[in-house]
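Residues per chain, in single letters:
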Amino acid sequence: MNSLRTFLLTTVLLSLLAPGCASTPKQTAHRTLEAVGLSVQQAMKSAAAGVKVGKLTPEEWERVAKVHDTQFLPAYRTACTLAAQDFTLFAPADVIAIQTQLLNLITQLSQ
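Once a new chain begins, its residue numbering starts again from 1 and follows that chain's sequence as written. Selection of residues for local features in this predicted model requires a pLDDT of at least 70, selection of side-chain atom pairs for listing and counting requires 80 or more, and totals for whole chains, interfaces and linings are taken over all residues. Hydrogens and water molecules were not included; the side-chain quantities draw on all heavy atoms of the structure.

## Description of the overall build of the protein
Inference 1: Going along the chain from the N terminus, every DSSP run of H or I of four or more residues is numbered as a helix, and every run of E of two or more is numbered as a strand. Scanning the protein from terminus to terminus reveals 4 helices and 0 strands.
Inference 2: Sequence-ordered secondary structure for the protein, helices as α and strands as β, is α-α-α-α.
Inference 3: Taken over 111 residues, the protein has a buried fraction of 39%.
Inference 4: Any two residues whose heavy atoms approach within 4.5 Å at even a single point are treated as in contact. Expressed as a percentage of contacts within the protein between residues at least 6 apart in sequence, the contacts between residues at least 24 apart total 74%.
Inference 5: Accessibility throughout is a Shrake-Rupley quantity obtained with a 1.4 Å probe, and a residue counts as covered only by protein chains that appear here. Surface accessibility of the protein: about 6400 Å² in total, with carbon and sulfur atoms responsible for 60%. Accessibility here uses a 1.4 Å probe with only protein chains present; expressed as a share of the type maximum, an area under 20% marks a residue as buried, one over 50% as exposed, and anything in between as partly exposed.

What follows is the structure, given as structure tokens:
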């Protein structure tokens, strides 16, 4: 389980740091959002796999899925819409905060 925690934390850090290398605000916004989306997608796959092998209970999975569906996805979609309209924006801090919350919840429940 320690390897899952390490993977999730590394993913969060890379999703926050890697996009900074882009040359324009438009590229940075899109790369940041892409990294955030991919890291959450991978975390959700890992959590689903955890249910299958008994590391997460169905109730714990429901908790993770609820945060994903009711908090992360709406904020993520809004951020993508805003980035498409105004390329001077980066992924809003709220989206990154919810991403971190979701990944922390998955890590916590996977222990």
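## Quick word on the nonpolar core
Inference 1: In this description, a nonpolar core means a group of buried Ala, Val, Leu, Ile, Met, Phe, Trp, Tyr and Cys residues linked to one another through side-chain atoms lying within 4.5 Å. Counting 24 residues, the largest nonpolar core has Val64, Phe72, Val95, Leu102 and Ile106 as the members making the most contacts within it.
Inference 2: Listing elements by their share of this core, those giving two or more residues are helix H2 (25-52), helix H3 (58-85) and helix H4 (93-110).
Inference 3: Those residues in contact with Val95 that lie beyond four places of it in its chain are Val36, Phe72, Ala75, Tyr76 and Ala79.

## Some thoughts on the side chain of His68
Inference 1: Along the polypeptide, His68 turns up in helix H3.
Inference 2: Residue class for His68 comes out buried when judged on its relative accessible area of 14%.
Inference 3: The residues contacting His68, other than those within four sequence positions of it, are Val40, Met44, Leu73, Pro74 and Leu102.

## A look at the packing of aromatic side chains
Inference 1: We call Phe, Tyr and Trp rings a pair once their centres come within 6.5 Å, taking the six-membered ring for Trp, and we label the pair stacked below 30 degrees between planes, edge-to-face above 60, and tilted otherwise. The tally for this structure, following the rule as stated, stands at 1 aromatic pair.
Inference 2: A ring pair is formed by Phe72 and Tyr76, whose centres lie 5.2 Å apart and whose planes are at 20°; its orientation type is stacked. On the criterion of helical spacing, the pair formed by Phe72 and Tyr76 is a turn pair, its members being 4 residues apart in helix H3.
Inference 3: By relative accessible area, which is 2% here, Phe72 ends up buried.

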